[in-house]
Amino acid sequence: MAYKITEECINCGACEPECPNNAIYEGGTNWEFSGNSYGEGDAAPSGATGFYSSDYFYVVPDKCTECEGFHDEPQCVEVCPVECCVKDPNHEEDKDALLAKKEHLDGIGR
Ligand code: SF4
Ligand code: SF4
């Protein structure tokens, strides 16, 4: 399951550099995937939509592995001062799927 950031986010920026998958972006900025740049309104390669935020930091679900393959705990959850990084029930994946996603990202680039 990917994580998402709720509107409780205070835009402190602490999570972005901690994400091993470069899945977190500042609100209103474009996101990258495998060397390409995308913006508001663009769907992720999986077809996921609705994750972009103009106002708060946001997570690109195709790039979030819940930190599987890197850390025991989700790093965004660890550093967030207001506990607004939560599991996204719209993007449910088991551990095997998350590790497969990590390997896929290793191959195509984040
Ligand atoms: Fe990035 Fe890990 Fe947070 Fe997912 S759970 S957004 S991979 S820091
Ligand atoms: Fe927002 Fe939490 Fe990330 Fe800070 S650490 S930018 S409050 S999600």
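Our subject is the structure listed above.
Small disclaimer: the values here were computed from a predicted structure and weren't measured.

Novice: Can you walk me through the site of ligand 2 in this structure?
Specialist: Around ligand 2, the surrounding shell holds 14 residues, and the nearest of these are C9, C12, G13, C15 and C80. More than half of the atoms belonging to ligand 2 lie within 2 Å of the grid points that define the second largest cavity. Class assignment for the residues of the shell around ligand 2 results in 12 nonpolar, two polar and no charged.

Novice: I keep staring at the nonpolar core and nothing clicks. Help me out?
Specialist: Inside soluble globular proteins, nonpolar side chains tend to come together where they are buried. Counting 15 residues, the largest nonpolar core has I5, C15, I24, F57, V59, C64 and C76 as the members making the most contacts within it. Excluding anything up to four places from it in sequence, I24 contacts I5, C15, E16, C19, F57, Y58, V59 and C76. Grouped together as the second largest cluster of nonpolar side chains are 10 residues, W31, A44, Y52 and Y58 included.

Novice: I keep staring at empty space enclosed by the protein and nothing clicks. Help me out?
Specialist: Any space left empty among the atoms is revealed by the rolling of a water-sized probe across them. Under the defined criterion, the tally for this structure stands at two cavities of 30 Å³ or more. Within this model, the largest cavity holds a volume of roughly 100 Å³. Taken together, 15 residues make up the lining of the largest cavity; nearest its centre are C19, I24, C64, C67 and C76. For the lining of the largest cavity, the residue count by class is 10 nonpolar, three polar and two charged.

Novice: Mind showing me how you'd approach the site of ligand 1 here?
Specialist: The full set of residues close to ligand 1 is Y3, C19, N21, I24, V59, C64, T65, E66, C67, P74, Q75 and C76. Of all the cavities here, the one that holds ligand 1 is the largest cavity.

Novice: Help me out: how do you make sense of the pattern of salt bridges in this one?
Specialist: Pairing between side chains becomes possible if they bear opposite charge and their charged atoms approach one another. Under the definition given, this model contains three salt bridges. Among the ionic pairs, D106 bridges to K102, the shortest N-O distance being 3.0 Å. Of the two residues, D106 and K102 are both situated in helix α2 (residues 95–108); the distance of four residues between them amounts to about one turn of the helix. Between D106 and R110 there is a salt bridge, and its shortest N-O distance comes to 2.9 Å. With a relative accessible area of 42%, D106 lands in the partly exposed category.

Novice: I'm lost on α2 in this one. Help?
Specialist: Taking 1.5 Å of rise per residue, the 14 residues of α2 would be expected to cover 20 Å, and the 20 Å separating its terminal C-alpha atoms lies within 8% of that figure. Of all the residues in α2, the buried ones are L98, K101, K102 and L105. The arc enclosing the buried residues of α2, seen along the axis, measures out at 100 degrees, which places them on a common side. Seen from the open side of α2, the exposed residues pointing more than 90 degrees away from its buried face are D96, E103 and G107. The elements touched by buried residues of α2 are β3 (31–33). Between a side-chain oxygen at the N-terminus of α2 and the backbone nitrogen of D96 the separation is 3.3 Å; the capping residue is D94. At the C-terminal side of α2, G109 shows a positive phi close to 95 degrees.

The rules behind the values
- Residues numbered from 1 in each chain as written.
- Chains lettered and ligands numbered in written order.
- Predicted model: local features only at pLDDT ≥ 70, side-chain atom pairs only at ≥ 80, totals over all residues.
- Heavy atoms only, no water.
- Near = heavy atom within 4 Å.
- 1 Å grid on protein atoms, 1.4 Å probe; cavity = no way out; pocket = protein on both sides within 12 Å on 5 of 7 lines; lining within 4 Å.
- Sits in = over half its atoms within 2 Å of the grid points.
- Nonpolar A, V, L, I, M, F, W, Y, C, P; charged D, E, K, R; others polar.
- Core = buried A, V, L, I, M, F, W, Y, C linked by side-chain atoms within 4.5 Å.
- Buried < 20%, exposed > 50% of the residue type's maximum accessible area, 1.4 Å probe, protein only.
- Contact = heavy atoms within 4.5 Å.
- Points joined across faces, edges and corners; volume = space filled by probe spheres on them.
- Salt bridge = Lys/Arg side-chain N within 4 Å of Asp/Glu carboxyl O.
- Helix = DSSP H or I, 4+ residues; strand = E, 2+ residues; numbered from the N terminus.
- Expected span 1.5 Å × (residues − 1).
- Arc of directions from axis to C-beta.
- Polar contact = N/O pair within 3.5 Å; in protein donor to acceptor, adjacent residues only side chain to side chain.

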